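Here is what each chain is made of, one letter per residue.
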Amino acid sequence: MNMTQLRVYLLRINSWQKVLFGLPILIMVVMLLMDHSGDSVELGQAVYRPEMLQRLCKADQLSGDAGETYGEETENGIKYNVRAPANYDASVAHPLLLVFSPAGSNRAKTEKTTGFTFPATQAGFIVAYADHPELSPSTTVELGTIPSLMAKKWCIDEKQVYVTGHSDGGTSAMALAFMTGTGHIPRAIAPSAAGVAYDDLRDRRCPEPLPVMVMHSSKDRLFPGYGQQAVGWWAACNKCDPIPDKIANGCSSYSGCAGGVKTLYCEGDQIHSHWPERTQDIIEFFVSASQVSPREAK
């Protein structure tokens, strides 16, 4: 090998070393860009309702900030982003809105699709958007650890955890409420397009009466009719009158439910993958659930 050949060989080796050493950095940059993908985040100025001021935290013991926080994760690595009100007060215990992602999505896409951040933080919620893990009972339990993890950094009222999600995210939201060991976590749920039918529920033990807002489309071809089946089970568990009534927002509401909990069914007419665009309705439902719930004593 002459000097020219040796020089070319060493340059090639050097190039490969740069690629190999640069690849992890490139991957980290791409992941960071994905985590911050989409439009800029608009945060609300929280209106602190009087009942929120009844539960307080020691602000100097908490490290969570106002605004946007990226890349929090559970023990087994499910990542989630946190949005606190722009005027976040670390001494006031906030309700938590927990949003689960559908299959094929992630926390950044789910934030953009659902549009919860501004109206929820304005209503005084802290919001957490979680990635989609492989759907299983164990990952649902793992998602259920997010409130307690967040309470170590932010002033969270762990008796005020509200859970929603679409498709697999809706399935996890509903499962969290009826599974043994996690049923105490949600104060109310609003699952959308969940893959939970009556056959999945009939042998389940009813949890304590729980505010439930089931959203499903009449044109859902992946889980046809699942929403009506699921809300029927929840209405029976909540000891509601069997025939619902139409209400102003187009949903059906069951009356006479135990403890005054609301049990709603909201039917859309879009394909399965379409978020129902009831973001404000969901927030209002959760705010109302914070005022009437027999789980407060637990």
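What comes next is a walk through the structure. Bear in mind the structure is a predicted one, so any value in this text is a computation, not a measurement.

1. Quick look at the environment of Ala 151
- Turning to its location among the elements, Ala 151 is positioned in the loop between α5 (146–150) and β5 (156–166).
- Sequence-wise, Ala 151 and Leu 96 are 55 residues apart; in three dimensions their C-alpha atoms are separated by 9.7 Å.
- Contact partners of Ala 151, with chain neighbours within four places excluded, come to Leu 62, Ile 156 and Glu 158.

2. Focus on the pairing of strand β6 (residues 188–192)
- Within β6, 5 of the 5 residues are buried, which leaves it mostly tucked inside the rest of the structure.
- Residues Ala 188, Ala 190 and Ser 192 of β6 are buried on one face, and the alternating residues Ile 189 and Pro 191, pointing to the opposite face, are buried as well.
- One ladder, built from 5 bridges, connects β5 with β6; its direction is parallel. Bridge pairing in β6 places Tyr 162 opposite Ala 188.
- You can see the chain leave β5, run along helix α6 (residues 168–178) and come back into β6, and the turn it takes is right-handed.
- Here 2 bridges tie β6 to strand β7 (residues 212–217), and the two strands are oriented parallel to one another. By the bridge assignment for β7, Ile 189 is matched with Val 212.

3. Quick look at the pattern of salt bridges
- For the coordinates displayed, the defined rule picks out 8 salt bridges.
- One salt bridge connects Asp 157 with Arg 55, and the closest N-O pair in it is separated by 3.2 Å. With Asp 157 in strand β5 and Arg 55 in the loop between α1 (3–35) and β1 (67–73), this residue pair connects regions lying 102 residues apart in the sequence.
- Ionic pairing is found between Lys 153 and Glu 72, a salt bridge with its closest N-O pair at 2.9 Å.

4. Thoughts on empty space enclosed by the protein
- Under the criterion given, the structure shown has 1 cavity of 30 Å³ or more.
- Reported here for the largest cavity is a volume of approximately 40 Å³.
- Along its surface, the largest cavity is lined by Phe 100, Ser 101, Asp 131, His 132, Pro 133, Leu 135, Leu 143, Asp 168, Gly 169 and Ser 172.
- A total of 3 residues in the lining of the largest cavity trace back to one element, the largest contributor, which is α6.
- Its residues placed into classes, the lining of the largest cavity shows 4 nonpolar, 4 polar and 2 charged.

5. With respect to the pairing of strand β4 (residues 126–130)
- Counting buried residues along β4, 5 of its 5 residues qualify, which places the element largely inside the surrounding structure.
- Side chains Ile 126, Ala 128 and Ala 130 of β4 all project onto a buried face; the interleaved residues Val 127 and Tyr 129 project onto the opposite face, where all are buried too.
- Where strand β2 (residues 79–84) meets β4, 4 bridges bridge the pair, whose relative direction is antiparallel. Paired with Arg 83 across the strands is Val 127, a residue of β4.
- In this structure, strand β3 (residues 94–100) lies alongside β4, joined through 5 bridges in parallel fashion. Note on β4: the bridge partner recorded for Phe 100 is Ala 130.

6. Re the nonpolar core
- If you look at the biggest cluster of nonpolar residues, it comprises 48 residues, and the most contacted ones within it are Ile 126, Met 150, Met 174, Phe 178 and Trp 234.
- Elements with a contribution of two residues or more to this core: β2, β3, β4, α5, β5, α6, β7 and α8 (226–237).
- Aside from chain neighbours lying at most four places away, what touches Met 174 is Ile 189, Pro 191, Ala 194, Val 196, Val 214, Ala 230 and Trp 234.
- Core analysis: the next-biggest nonpolar cluster, separate from the first, contains 23 residues, Leu 97, Tyr 162, Trp 275 and Val 287 among them.

7. Topic: the packing of aromatic side chains
- Overall, the coordinates contain 7 aromatic pairs when judged by the stated rule.
- Joined through ring pairs, the aromatic side chains of Phe 125, Tyr 162, Phe 285 and Phe 286 make up one cluster.
- A cation sits over an aromatic face here: Arg 83 above Tyr 70, 4.5 Å from the ring centre.

About the criteria used
- Residues numbered from 1 in each chain as written.
- Predicted model: local features only at pLDDT ≥ 70, side-chain atom pairs only at ≥ 80, totals over all residues.
- Heavy atoms only, no water.
- Helix = DSSP H or I, 4+ residues; strand = E, 2+ residues; numbered from the N terminus.
- Contact = heavy atoms within 4.5 Å.
- Buried < 20%, exposed > 50% of the residue type's maximum accessible area, 1.4 Å probe, protein only.
- Pairing = 2+ DSSP bridges.
- Right-handed = clockwise from strand over helix to strand, strands pointing away.
- Salt bridge = Lys/Arg side-chain N within 4 Å of Asp/Glu carboxyl O.
- 1 Å grid on protein atoms, 1.4 Å probe; cavity = no way out; pocket = protein on both sides within 12 Å on 5 of 7 lines; lining within 4 Å.
- Points joined across faces, edges and corners; volume = space filled by probe spheres on them.
- Nonpolar A, V, L, I, M, F, W, Y, C, P; charged D, E, K, R; others polar.
- Core = buried A, V, L, I, M, F, W, Y, C linked by side-chain atoms within 4.5 Å.
- Phe/Tyr/Trp six-rings, centres within 6.5 Å; stacked < 30°, edge-to-face > 60°.
- Lys NZ or Arg CZ within 6 Å of the ring centre and 35° of its normal.

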